[in-house]
Amino acid sequence: TANKLSSLARACIVAVKAFRLNLTQSVIVPALRDDPHGAFGDMANLRDTTQTLGGILEAFMGDLTAAEDPSCSARSLGDNVVMTIHGDTPKDPRVKSGWPDGTPNDSNWIYAMGNGFIKTGWHGGVRANGATDVFDPTTGATVANGSSQSVSAAAGAAVAFAVAKGDMRRVQDFYTGPAIDGIVNINPIQ
């Protein structure tokens, strides 16, 4: 296994142990910090990398689900984990060759798993012609030709909402933008 993947797997193992022992409630792990520009030039390696990464994340979630949450014995760590995946330089999703830096309209994105507190789906996106869409945080509706800068604070607030387990008052300690009802589940089924 490539070092970039085995180091992530080890970090996930340590994170589960730290959560189970109630040593921390947050772990930040840098991962896959290699140069991805040629990723599509070697499809066999890309396939192996994504399959291994998927296996690591599946095992991580399996370990979390098998462990009781020390802060709530009725739930597992997997029931309460919030995970985000983001990077500082996404690539242009429309260009396979060389997968260049820079995205249409300087867009950015975050993948978030919020255990029922964040609405599922893809909010915004890059169209085939390079136009970018964002979302209205209040309704969740798509807004054509928008900039990710206009919704980045709302996206962060949605993640904070999940971390705060649905406590909007805690989110409002840090976020003063428009309502985020369109991208979070105010009353999730728990």
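Whatever comes next refers back to the structure up there.
Figured I'd write up the structure that's included with this text. (Residues numbered from 1 in each chain as written. Predicted model: local features only at pLDDT ≥ 70, side-chain atom pairs only at ≥ 80, totals over all residues. Heavy atoms only, no water.)

Further remarks concern the packing of aromatic side chains. Inspection of the entire model under this criterion finds 2 aromatic pairs. Both rings, one in Y111 and one in W122, keep their centres 5.7 Å apart while their planes meet at 55 degrees; by these two values the pair is tilted. Residue Y111 is found in strand β4 (residues 111–113), and its partner W122 is found in the loop between β4 and β5 (125–126); the two are separated by 11 residues along the sequence. A residue is classified by how much of its surface remains accessible, and Y111, at 42% relative accessible area, is partly exposed. On the basis of relative accessible area, W122 is assigned to the exposed category, the value being 54%. Judged by centre distance (6.0 Å) and plane angle (80 degrees), the ring pair of F117 and F161 falls under edge-to-face. Residue F117 is found in the loop between β4 and β5, and its partner F161 is found in helix α4 (residues 152–163); the two are separated by 44 residues along the sequence. Look at F161 and you get buried, because its relative accessible area is 1%. (Phe/Tyr/Trp six-rings, centres within 6.5 Å; stacked < 30°, edge-to-face > 60°. Helix = DSSP H or I, 4+ residues; strand = E, 2+ residues; numbered from the N terminus. Buried < 20%, exposed > 50% of the residue type's maximum accessible area, 1.4 Å probe, protein only.)

As a further point, take the pattern of salt bridges. As enumerated under the stated definition, the model contains 7 salt bridges in all. Where D101 meets K91, a salt bridge forms, and the shortest distance between an N and an O atom there is 2.4 Å. Separated by 10 residues along the polypeptide, D101 in the loop between β3 (83–85) and β4 and K91 in the loop between β3 and β4 bring together distant segments of the chain. A residue is classified by how much of its surface remains accessible, and K91, at 10% relative accessible area, is buried. For D173, the salt bridge identified is with R169, shortest N-O distance 3.9 Å. What makes D173 partly exposed here is its relative accessible area of 42%. Residues joined in a network through salt bridges with shared partners are R169, R170 and D173. (Salt bridge = Lys/Arg side-chain N within 4 Å of Asp/Glu carboxyl O.)

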